[in-house]
Amino acid sequence: MDAQTPELDTLSFEDALRELETIVRQLESGEVPLEDSISLYEKGEKLRQHCQKRLDAAQARIEKIVTGPDGAPVSTQPFDTPER
């Protein structure tokens, strides 16, 4: 990450996602030189991994919340499956 970018671990999910969206727009514009595109892509991949880690942590917290008081699962429906 460059000197103007906060340390990755300190970024909130929303801030990391905003930075990632900015990178995607820059890359999609086609106006970025090849070397810069490669650097942006690498930075974007780190941001994507950071966002995924945050989403996984949120999912784990939600799964913990839907556990009954005895520790048994209240539901066996996966987090990302719509209710039927």
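Thresholds applied
Residues numbered from 1 in each chain as written. Predicted model: local features only at pLDDT ≥ 70, side-chain atom pairs only at ≥ 80, totals over all residues. Heavy atoms only, no water. Helix = DSSP H or I, 4+ residues; strand = E, 2+ residues; numbered from the N terminus. Buried < 20%, exposed > 50% of the residue type's maximum accessible area, 1.4 Å probe, protein only. Contact = heavy atoms within 4.5 Å. Areas by Shrake-Rupley, 256 points an atom, 1.4 Å probe, with all protein chains shown as cover. Core = buried A, V, L, I, M, F, W, Y, C linked by side-chain atoms within 4.5 Å. Salt bridge = Lys/Arg side-chain N within 4 Å of Asp/Glu carboxyl O. Patch = residues over 30% accessible without salt bridge, like charges linked within 9 Å, V, L, I, M, F, W, Y side chains within 5 Å. Expected span 1.5 Å × (residues − 1). Axes fitted to C-alpha atoms, helices over the stretch in contact; angles between N-to-C directions. Parallel < 35°, antiparallel > 145°, perpendicular 65-115°, else oblique. Left-handed = near helix turned anticlockwise from the far one by under 90°. Nonpolar A, V, L, I, M, F, W, Y, C, P; charged D, E, K, R; others polar.

> How should I be thinking about the overall build of the protein in this particular structure?
Check the secondary structure of the protein and you find two helices and zero strands. Scored against the burial criterion, the 84 residues of the protein give a buried share of 18%. Partitioning the contacts of the protein with sequence separation of at least 6, the portion at a separation of at least 24 is 54%. With an accessible surface of roughly 6,900 Å², the protein has 53% of that area assigned to carbon and sulfur atoms.

> Before we go on, may I ask you to explain the nonpolar core in this structure?
Burial of nonpolar side chains together is a common tendency in soluble globular proteins. Residues Leu8, Leu11, Ala16, Leu20, Ile23, Leu40, Leu47 and Cys51 constitute the largest nonpolar core, which totals eight residues. Going through the elements one at a time, α1 (13-29) and α2 (34-65) are the ones with two or more residues in this core.

> Help me understand the pattern of salt bridges in this model?
Pairing between side chains becomes possible if they bear opposite charge and their charged atoms approach one another. In total, this model carries three salt bridges according to the counting rule given. Residue lysine 43 is joined to glutamate 19 by a salt bridge in which the shortest nitrogen-to-oxygen separation is 3.7 Å. Of this pair, lysine 43 sits in helix α2 while glutamate 19 sits in helix α1; the two residues are 24 residues apart in sequence, bridging distant segments of the chain. In this structure, glutamate 45 engages arginine 48 in a salt bridge whose closest nitrogen and oxygen atoms are separated by 2.7 Å. Of this pair, glutamate 45 and arginine 48 both sit in helix α2, three residues apart, which is roughly one turn of that helix.

> I tried to follow a nonpolar patch on the surface on my own but got confused; where do I start?
A surface patch of nonpolar side chains, about 280 Å² in accessible area, is lined by Ile62, Ile65 and Val66. Looking at the element boundaries, valine 66 is found in the segment after α2. In this structure valine 66 comes out as partly exposed when scored by relative accessible area, which is 42%.

> Just to check I follow, could you spell out α2 for this structure?
Residues spaced three or four apart along an α-helix point in a common direction, a consequence of the helix completing one turn every 3.6 residues. For α2, with 32 residues, the first-to-last C-alpha span of 46 Å sits near the 46 Å given by 1.5 Å per residue. Among the residues of α2, Ser37, Leu40, Lys43, Gly44, Leu47, His50 and Cys51 are the ones counted as buried. Those residues of α2 hidden inside the fold are in contact with α1.

> Where do I start with the packing of α1 against α2 in this structure?
In a packed pair of helices, the relevant descriptors are the angle between the two axes and the axis-to-axis distance. For the pair α1 and α2, interaxial distance at closest approach is 9 Å and the crossing angle is 150 degrees. Viewed along their axes, α1 and α2 adopt a mutual orientation that is roughly antiparallel. Here α1 runs over α2; the crossing is left-handed. Touching Phe13, Ala16, Leu17, Glu19, Leu20, Ile23, Gln26 and Leu27 of α1 are Ser37, Leu40, Tyr41, Lys43, Gly44, Leu47, Arg48, His50, Cys51, Arg54 and Leu55, all from α2. Counted by class, the contact of α1 with α2 contains 11 nonpolar, four polar and four charged residues.

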